[in-house]
Amino acid sequence: MRGRNHLFLLLTTLALALGLAVPAAAAPDAPAPSGPTEAVAYQIGVSHDGFSGDTTVVPPLAQRWSRDLGGAVSYPLIAGGRVFVTAAVTASGFSGTTLFALDQATGATLWSVELLHSPRWSNAAYDAGRVFVVDFDGLMQAFDAATGTRLWSTDLPGQYAFSSPPTAQGGIVYTGGAGTGGTVYAVSQSDGVVLWTRPVSNGDNSSPALSPTSMFVSYACGLVYAFDRVTGDLRWFNNGPCSGGGGKTSVYHDGRVYSRDFFGNEVLDADTGALRGTFQAGPAPAFAGRTGLFLAGSTLRAMSGRRTLWTFSGDGGLITAPIVVQSTVYVGSSSGMLYGLDLRRGQVVWSTNVGAGVSGPDEQNVSQPLAGLGAGQGLLVVPAGNLLAAYGS
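Residues numbered from 1 in each chain as written. Predicted model: local features only at pLDDT ≥ 70, side-chain atom pairs only at ≥ 80, totals over all residues. Heavy atoms only, no water.

(A) Spatial organisation of the nonpolar core. Membership of the largest hydrophobic core comes to 34 residues, with the highest contact counts inside it found for Phe-84, Tyr-126, Val-131, Val-184, Met-215 and Phe-227. Among the nonpolar cores identified, the runner-up in size contains 32 residues, and Val-57, Ile-78, Ala-375 and Val-381 belong to it. (Core = buried A, V, L, I, M, F, W, Y, C linked by side-chain atoms within 4.5 Å. Buried < 20%, exposed > 50% of the residue type's maximum accessible area, 1.4 Å probe, protein only.)

(B) View of the sheet that holds strand β18 (residues 223–228). Spatially, β16-β17-β18-β19 is the arrangement adopted by the 4 strands of the open sheet, whose pairing is antiparallel. The open sheet is flanked by β16 (209–210) and β19 (234–238), the only strands paired with a single partner. With 2 bridges connecting them, β16 and strand β17 (residues 214–219) associate as antiparallel partners. Counterpart to Ala-209 in the pairing with β17 is Phe-216. (Pairing = 2+ DSSP bridges. Helix = DSSP H or I, 4+ residues; strand = E, 2+ residues; numbered from the N terminus.)

(C) View of unusual backbone geometry. Pro-60 follows Pro-59 through a cis peptide bond whose omega is 10°. Mapped onto the fold, Pro-60 is located in the loop between β2 (51–52) and β3 (62–68). With an omega dihedral of 5°, the bond running from Ser-201 to Asn-202 counts as a cis peptide bond. Within the secondary structure layout, Asn-202 lies in the loop between β15 (194–200) and β16.

(D) View of the state of the cysteines. On inspection of all chains with the given rule, the structure shows 1 disulfide. The side chain of Cys-221 participates in a disulfide bridge whose partner is Cys-242; the two sulfur atoms lie 1.9 Å from each other. Where Cys-221 bonds to Cys-242 through sulfur, the torsion about that S-S bond is close to -90°, and the disulfide is left-handed. With Cys-221 in the loop between β17 and β18 and Cys-242 in the loop between β19 and β20 (251–253), the pair connects residues that are 21 residues apart, well separated along the chain. For Cys-221, a relative accessible area of 7% puts it in the buried group. (Disulfide = S-S within 2.5 Å.)

(E) Main features of the pairing of β17. In terms of burial, β17 is largely enclosed, as 6 of its 6 residues are buried. Both faces of β17 are covered, namely the face carrying Ser-214, Phe-216 and Ser-218 and the face carrying Met-215, Val-217 and Tyr-219. Linking β16 back to β17 in an antiparallel pair, the connection comprises 3 residues. Here 6 bridges tie β17 to β18, and the two strands are oriented antiparallel to one another. Bridge pairing in β18 places Ser-218 opposite Val-224. As consecutive antiparallel partners, β17 and β18 are separated by 3 residues, and within that stretch Cys-221 has a phi angle of approximately 75°, a positive value.

(F) Representation of empty space enclosed by the protein. Throughout the structure, instances matching the rule amount to 2 cavities of 30 Å³ or more. Taken as a whole, the largest cavity holds about 50 Å³ of empty space. As for the largest cavity, its lining consists of Trp-121, Ser-163, Pro-165, Asn-205, Asp-362, Glu-363, Asn-365 and Leu-370. Per-class residue counts for the lining of the largest cavity are 3 nonpolar, 3 polar and 2 charged. One number sums up the size of the second largest cavity: a volume of about 30 Å³. Residue lining of the second largest cavity: Gly-222, Val-224, Asn-238, Ser-259, Asp-261, Gly-264 and Glu-266, and that is the complete set. Tallied by class, the residues present in the lining of the second largest cavity amount to 1 nonpolar, 4 polar and 2 charged. (1 Å grid on protein atoms, 1.4 Å probe; cavity = no way out; pocket = protein on both sides within 12 Å on 5 of 7 lines; lining within 4 Å. Points joined across faces, edges and corners; volume = space filled by probe spheres on them. Nonpolar A, V, L, I, M, F, W, Y, C, P; charged D, E, K, R; others polar.)

Here it is as structure tokens:
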């Protein structure tokens, strides 16, 4: 027994020195939960919990294709045999972003639309065969996902600075705007009619997170709002010590809302807004069942309740919000390294260098679209600066 303990100590010391995963406790041997197989919003789903139920993305992975799109690339939407992204573009006579629809198999451009606006920020959501895009000027547009045909466009009223990526489900597109105070919007997917608006403080950056009944947004100083998805009625409001510009996307998972802020990250009851705990994370956390993945600094930590299951620091440059595809956790580094980790134990099961620094999410600025990893329909898709790389089993 003494020899086994000595060997375990040596292996643990070596793992720490190499920046590998260090198991702190055995994770439960429960099967991975089911979940979406398309990527339809930031952090894959409308709850932004970073989980994909795609059983066809299984490491080891091979690169299927890579594209240089000529500008910083957003998080991907993956649906209907296509990958949709926005990219910041600077060209003669054109300033703004471009919405691309790429073939999932080859990466070839199937269609693209130039979105003329300033600064070079826009982001998109997908639902029911349509792609919905919001730009910084508050123009929301709907496109047929198959053909790129513009179906409608709506100038969102009352604000002039938009930095909230949209979320779409159930016939409604949700987003937020800032400028004079703040506003959240619910827009009809069928015709672009604004169904309802509600005032908030202050409408920046937070992509609406959806539960089956509520829509959640969170802003600077820990201000978190829960609205009824259909009527817009305020369900609860979590106040903070101040107010100001800025915000971050909340995550909804298993009856809890995970809100991040400079003054501290809080876990709130999704039904009542009551404080249930706190957590440490920079980017949005991801979840698979009872396991949460939290990146704080450059260390990724897997937690079950208050128990640390394992930690992983990679090459010291981990930067992306993590995502989980069935039983594999993916996280990217500013060095260009992309890691796949076993959900239960934290060991590296696959890694590659994308060819450029993997893009982390910038939730403070609007000089480029919000970036993030995406997975679905057989692909893991990774933005890395101007590059977009796709991997499959």
